[in-house]
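Observations on the three-dimensional arrangement
Here is what each chain is made of, one letter per residue.
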Amino acid sequence: MRLRRDGWRVNHKKVERIYREEGLSLRRRTRKQAAVPRLALPRPTHPGCGYALDFVHDRLTAGRRFKCLTMTDPCSKEVPVIEVDFSIGGQRVCRILDRLFADRPLPEFLILDNGPEFAGTALDAWAAHHGVQLHFIQPGKPVQDAFIESFNGKFRDECLNEHWLLTLQEAQVVIEAWRREYNEERTHSTIGDVTPNGVHPQPTKPVPGSIGINPFGPGVTKGGKVNARCHLRTAIFCPTNRGHPY
């Protein structure tokens, strides 16, 4: 077409043959394939088996930015922690996880995006040390982690957008109060119209100096056998059993 426009009278077949012999034809661009295979993210089967993590950013009234590390259990809807600070790096994320799982079982996996706080060497070493699998969503695909994205929307609409936060300390207090209300008072239809704490009870630490109570009864083992010596001690020293023969 360009040759004819310039006044050349040539056969298009001859032009195409010369064009092909000289290697002037351009290769068609093919759609780029993903560098890694697209794997389905794990689905939680019971409370505590996995958690989804993400960051939410906001500003104080003075304009200074702060960030919130949000974490939710997709199965029970529990939000075990919302960490608020001006800066939260990979090492800080590891310390938060150590503090959180000091009194609860470690999860099987964590669902994360590709942010530098999660994709760095610090969290990778922490996961390898504790035997926790890290599952990263594809870059630019936040819908793959819809659990945490749905929670982040509620968190922003119901908490961050409803308050004028003057200081970081005020933000920490307000956000922690909202997190407790979310876990302890709000019911969810997807988990049977109960609160997240009703599905995933909070672990309780024993009071120093207290004596544990046997759920099977004094002197009775899990298999139903009676420990006569223990039962005798209970009968002697328990105030309610004094005066009663063994």
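Before reading further, recall that the structure is shown in the block above.
In what follows, the accompanying structure is described. Just so you know, these numbers come straight off a predicted model, no measurement behind them. (Residues numbered from 1 in each chain as written. Predicted model: local features only at pLDDT ≥ 70, side-chain atom pairs only at ≥ 80, totals over all residues. Heavy atoms only, no water.)

1. Some remarks on the sheet that holds strand β1 (residues 50-59)
Put simply, the rule reads: When DSSP finds two or more bridges between a pair of strands, those strands are recorded as paired. The secondary structure listing takes helices from DSSP runs of H or I that are at least 4 residues long and strands from runs of E that are at least 2 residues long, numbered from the N terminus. Whenever a helix is involved, its axis is fitted only over the stretch in contact; in every case the axis is a line through C-alpha atoms, and angles between N-to-C directions fall within 0 to 180 degrees.
Pairing is mixed in the open sheet, where five strands are placed in the order β3-β2-β1-β4-β5. Each edge of the open sheet is held by one strand with a lone partner, namely β3 (81-85) and β5 (133-136). Averaged over all pairs of adjacent strands, the angle between their axes in this sheet comes to 20 degrees, without regard to strand direction. Sheet topology places strand β4 (residues 109-112) next to β5; four bridges connect them, and they run parallel.

2. Comments concerning the packing of aromatic side chains
Where we set the bar: Here the aromatic set is Phe, Tyr and Trp, taking the six-membered ring for Trp, and pairing holds for ring centres within 6.5 Å; pairs whose planes are under 30 degrees apart are stacked, those over 60 apart are edge-to-face, and all others are tilted. Only protein chains enter the calculation, and the probe is 1.4 Å; a residue is then buried if its accessible area is under 20% of its type maximum, exposed if over 50%, and partly exposed in between.
Within the structure shown, the criterion is met by seven aromatic pairs. Judged by centre distance (5.3 Å) and plane angle (75 degrees), the rings of Phe 151 and Tyr 182 are edge-to-face. Of the two residues, Phe 151 sits in helix α6 (residues 146-158) while Tyr 182 sits in helix α7 (residues 168-184), which places them 31 residues apart along the sequence. Judged by relative accessible area, Phe 151 falls into the buried class, the value being 3%. Each member of the aromatic cluster is reached from another via a ring pair, and the members are Phe 151, Phe 155, Trp 178 and Tyr 182.

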